[in-house]
Amino acid sequence: MRRWLTRPGLVLLAVATAVAAVTSGSHAATRHEATYAYGSATRQGIDAYWYDSSTPLPALLILHGGYFNSGSKADWASTARYFADHGFAVFSADYRYNTDAAWPGPRDDALAAVAWIKSHAGDFDADPAHVAVLGSQAGGHLATSLATYGAGRDQVDAAVGLSPINSPYRAWTQAPTTSATATRRKIRDETVILNRCYPDSADTDCWNRWSDSVAKTHASGADDAPMYLVHSSGDPVPAAHSTDLRDAETAKGANPADITVDVTSGSDSGGPLLTTTLKNALVTWLKARTHTTAPPPQDTGNPPPQDTPTPRTTARPITTAPYKDDPVPPPPAGENPLRSAAVTVTTGTYSYGTDPKQQLDAYYIPGKKQPALVIIHGGYWYEDDKSSWVATSQWYAQRGYAVFSINYRLNAQTGWTAQRTDALNAIAWVKAHATQFSTDPNRVLLLGSSAGGQIATAVGTYGTGTKYVRGVVALSPVASPYRAYTDGQKSGASTSKQKLRDNSTLLARCYPTKTDTTCWNRWTDAVVKTHASTGDAPMYLLHSQGDFVPSTHSSDLCTALKAKSVSCTLTVVTGSGHASAILKIDGIHTKILNWLQAHD
């Protein structure tokens, strides 16, 4: 019995097969194939292809492509067999998609796969000291990431990249509008999901993640593994991804002969570049590097600072100011004395779920039965917090409402429909604790801002909306994330619109295409008007004339609601204020208060 079937800790996921493949002397050599787990996640699986050998074989790890969100090790079975037939112990690995794990999760998987190969090398007659990697597109990005991680030669002896997306940031900048091809736009969108944010240098954690995902950021010259990088002249992943990496490596002291960038004719990308001629050339190139000992690191003195993506020259968006509360106005003249500001409001913070984000702040006057107002903050579904609405919450609490300002899981944490679910659960919690807050559970209203307005209107149209709330007020609601996506990639789109485009993508967790039914259904579900039905909650929707979330979001929603005999009012104010900035307009607080009182 083979050692690989008996070694402790070696998890066999699929029955091994043996195939007569080549003839050596007077007998046929046998190729073995089996599938194993190199980690506990579903996609941390690895297919092994190898021959019995009296001398250790160099190991080759293959990493598939697929825009960071698709593809499989099974797609590379024939290529794996080819390299196994030519003297390698081959391991084709899956890794977590960008929807499973943000960067650096996929790189962590590639590192774990290499470590697994080295620790189990003896079971495959492989040499743990000589491991190379071959990757395509997204997998090519992981291959060059291995080659440059720390001292890259410590990870792998050599790396081959077929159309490697060496710089997700470059992929993002080169597809800003619909002038770019659909393939490039899809790569752009998937890099946003990979990094879980719009690339904004003012957002330190986000910017560091984008910087870390760029292979040239980690270039360290002679310490890194040799690379053979291939693109076509019409490649949607242009050769600049690799020439930039080559230049960064040579600037750090790498031997220019160690970094080959090959540009072929045509417009193939990834796997189709692997012609018979190229395969033969790679066998020779890889064996020359996996059968020799890497040279010792060269002392280049104090290395220059790491490269980072070059900041864009366009203005950076204001990430929080549009969502911070403005000073609230004085009480409207002649307002109902029962809704007076001359009262003390009780406050407290509570959990409505088990996730740290599933919390709310309560503002209420004990002992007086009052309707509830649930406030949902904005921030591109990505940022901001319930604390931004303290002043407004206090103002409405002093005027007769038990106010509950909620947090919810953001799009960097989880995609749609989690945000709507959190709002529904918060409402259910408020109703279940009505007695504690002197609240009438049958008189609950919503106020949402921007992305929070999308969530609020989505609740108001969920099933029969009035089952959950009596009415919805929304300031600049992004009622159609898909419209926000298309607006954000028009020529001349503002930075705020581009950021909203990217965060809509992050919310939906995919590039919007009708050919991907699961993805398209998620985008459709996030568009509020698609749920309009009789019995939905009446709505009061507000935008400014120059709002970067245009009033068409709300006019389309109102049209759909009115067609179902649901009341919907749209008010467009002067200026270009967005979301809570609309509250600066004289009389707006009073109009909102009057509308709430008419519907509570």
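Conventions adopted
- Residues numbered from 1 in each chain as written.
- Predicted model: local features only at pLDDT ≥ 70, side-chain atom pairs only at ≥ 80, totals over all residues.
- Heavy atoms only, no water.
- Helix = DSSP H or I, 4+ residues; strand = E, 2+ residues; numbered from the N terminus.
- Buried < 20%, exposed > 50% of the residue type's maximum accessible area, 1.4 Å probe, protein only.
- Polar contact = N/O pair within 3.5 Å; in protein donor to acceptor, adjacent residues only side chain to side chain.
- Core = buried A, V, L, I, M, F, W, Y, C linked by side-chain atoms within 4.5 Å.
- Contact = heavy atoms within 4.5 Å.
- Pairing = 2+ DSSP bridges.
- Axes fitted to C-alpha atoms, helices over the stretch in contact; angles between N-to-C directions.
- Disulfide = S-S within 2.5 Å.
- Right-handed = clockwise from strand over helix to strand, strands pointing away.
- Parallel < 35°, antiparallel > 145°, perpendicular 65-115°, else oblique.
- Phe/Tyr/Trp six-rings, centres within 6.5 Å; stacked < 30°, edge-to-face > 60°.
- Lys NZ or Arg CZ within 6 Å of the ring centre and 35° of its normal.
- pLDDT = per-residue confidence, 0-100.
- Salt bridge = Lys/Arg side-chain N within 4 Å of Asp/Glu carboxyl O.

Engineer: Explain the environment of aspartate 384 to me, using residue names and the numbers behind them.
Structural biologist: Structurally, aspartate 384 can be placed in the loop between strand 12 (370-376) and helix 9 (390-397). Given a relative accessible area of 10%, aspartate 384 falls into the buried group. There is a polar contact of 2.7 Å between the side chain of aspartate 384 and the side chain of serine 388.

Engineer: Can you break down the side chain of histidine 218 residue by residue, with the values?
Structural biologist: Tracing the backbone through its elements, the reader meets histidine 218 in the loop between helix 6 (204-212) and strand 8 (227-232). In this structure histidine 218 comes out as buried when scored by relative accessible area, which is 18%. Looking at histidine 218, its side chain comes within polar contact range of the main-chain oxygen of aspartate 212, at 2.9 Å.

Engineer: Describe the nonpolar core, and please don't skip the residues or the numbers.
Structural biologist: By size, the foremost hydrophobic cluster in this structure holds 62 residues, and its most contacted members are Leu360, Val374, Ile376, Phe404, Leu446, Val469 and Leu500. Of all the elements, helix 10 (residues 418-432) adds the most residues to this core, at six residues. Leave out the neighbours within four places in its chain, and isoleucine 376 touches Ile406, Tyr408, Ala423, Leu446, Leu447, Gly448, Ser449, Gly452, Ile455 and Ala456. Formed by 46 residues, the second largest nonpolar core is a distinct cluster that contains Ala34, Ala48, Ala113 and Ile187.

Engineer: Outline the sheet that holds strand 10 (residues 346-351), listing residues and values.
Structural biologist: Taken together, eight strands build an open sheet; the order of strands is 10-11-13-12-14-15-16-17 and the sheet is mixed. Pairing within the sheet leaves two strands with one partner each, and these edge strands are strand 10 and strand 17 (568-573). When the angles between neighbouring strand axes are averaged without regard to direction, this sheet yields 20°. Across four bridges, strand 15 (residues 471-475) lies against strand 16 (residues 539-544) in parallel orientation. Bridge pairing in strand 16 places valine 473 opposite tyrosine 540. Helix 16 (residues 588-599) contacts strand 12, strand 14 (439-449), strand 15, strand 16 and strand 17 of the sheet and is inclined by roughly 165° relative to strand 15.

Engineer: Run through the state of the cysteines, naming residues and quoting values.
Structural biologist: Applying the stated criterion to the full structure yields three disulfides. In this model cysteine 197 forms its disulfide with cysteine 206; the gap between the sulfur atoms is 2.0 Å. The sign of the 95° torsion about the S-S bond sets the cysteine 197-cysteine 206 disulfide as right-handed. Residue cysteine 197 is classed as buried on the basis of its relative accessible area of 0%. Residue class for cysteine 206 comes out buried when judged on its relative accessible area of 0%. The disulfide that involves cysteine 510 links it to cysteine 519, with 2.0 Å between the sulfurs. For the disulfide bridge between cysteine 510 and cysteine 519, the dihedral angle about the S-S bond is near 95°, and by the sign convention the bridge is right-handed. Neither residue differs from the other here; cysteine 510 and cysteine 519 are each classed as buried. Look at the chain and number its bonded cysteines as they come in the sequence; the links are 1-2, 3-4, 5-6.

Engineer: Describe the environment of aspartate 223, and please don't skip the residues or the numbers.
Structural biologist: With respect to the secondary-structure elements, aspartate 223 resides in the loop between helix 6 and strand 8. Along the primary structure aspartate 223 and tyrosine 149 are separated by 74 residues, whereas in three dimensions their C-alpha atoms are 9.7 Å apart.

Engineer: So, the pairing of strand 6 (residues 126-136): which residues are in play, and what are the values?
Structural biologist: Of all eleven residues making up strand 6, nine are buried, and the element is well covered by its neighbours. Inspection of the sheet shows strand 4 (residues 57-63) paired to strand 6 by six bridges, in the parallel sense. Paired with isoleucine 62 across the strands is leucine 134, a residue of strand 6. On the question of chirality, the crossover connecting strand 6 to the parallel strand 7 (residues 158-162) by way of helix 3 (residues 138-148) is right-handed.

Engineer: Break down the environment of valine 131 for me, with residues and values.
Structural biologist: Looking at where valine 131 falls in the secondary structure, it is placed in strand 6. Each C-alpha atom of the pair valine 131 and arginine 153 lies 9.7 Å from the other, and the pair is 22 residues apart in sequence. Those residues in contact with valine 131, other than ones at most four positions away along the chain, are Ala59, Ile117, Lys118, Val156, Asp157 and Ala158.

Engineer: Hey, could you go over the packing of helix 12 (residues 481-488) against helix 14 (residues 517-526) for me, with residue numbers and the actual values?
Structural biologist: Packing of helix 12 against helix 14 brings their axes to within 7 Å, and their N-to-C directions diverge by 105°. Classified by the interaxial angle, the pair formed by helix 12 and helix 14 is roughly perpendicular. Mapping the contact onto sequence places Pro481, Tyr482 and Tyr485 in helix 12 and Trp520, Trp523 and Ala526 in helix 14.

Engineer: An account of the packing of aromatic side chains is needed here, citing residue identities and associated values.
Structural biologist: Counting across every chain of the model gives 26 aromatic pairs. Ring geometry for phenylalanine 91 against tryptophan 116: centres 6.4 Å apart, planes inclined by 75°, an arrangement best described as edge-to-face. Here phenylalanine 91, found in strand 5 (residues 89-93), pairs with tryptophan 116, found in helix 2 (residues 105-119); they are 25 residues apart in sequence, far enough to count as distant. Accessibility assignment for this pair places phenylalanine 91 and tryptophan 116 in one class, buried. Ring plane angle 80° and centroid distance 6.2 Å describe the contact between tyrosine 169 and tryptophan 210, whose orientation is recorded as edge-to-face. Of this pair, tyrosine 169 sits in helix 4 (residues 168-173) while tryptophan 210 sits in helix 6; the two residues are 41 residues apart in sequence, bridging distant segments of the chain. Residues tyrosine 169 and tryptophan 210 agree in their burial class; the two are buried. An aromatic cluster of three or more residues is present, and its members are Tyr36, Trp50, Phe91, Trp116 and Phe124. When the ring centre of tyrosine 82 is taken as reference, the NZ or CZ atom of lysine 279 above it lies at 4.7 Å.

Engineer: Describe the confidence of the model for the chain, and please don't skip the residues or the numbers.
Structural biologist: When pLDDT is averaged along the chain, the result is 90, and 87% of the positions lie at 70 or above. Segment residues 23-27 is flagged for pLDDT under 50; beyond a separation of four residues in sequence, or across chains, it makes one contact in the model.

Engineer: Explain the pattern of salt bridges residue by residue, including any values.
Structural biologist: If you walk through the whole model with that rule in mind, you get 20 salt bridges. Close ionic contact of arginine 188 with aspartate 189 constitutes a salt bridge, the shortest N to O distance being 2.8 Å. Using a relative accessible area of 0% as the deciding quantity, one classes arginine 188 as buried. With a shortest N-O distance of 4.0 Å, lysine 529 and aspartate 556 are connected by a salt bridge. In this pair, lysine 529 sits in the loop between helix 14 and strand 16 while aspartate 556 sits in helix 15 (residues 552-562), placing the two residues 27 residues apart along the sequence.

Engineer: Would you mind going over unusual backbone geometry in detail, with residue names and values included?
Structural biologist: In this chain, tryptophan 103 is followed by proline 104 through a cis amide linkage whose omega measures 15°. Secondary-structure assignment places proline 104 in the loop between strand 5 and helix 2. Even without glycine at this site, phenylalanine 68 takes up a positive phi of about 75°. Within the fold, phenylalanine 68 resides in the loop between strand 4 and helix 1 (77-85). Within the chain, arginine 509 stands out as a residue other than glycine whose phi angle is a positive 65°. Topologically, arginine 509 is positioned in the loop between helix 13 (495-508) and helix 14.

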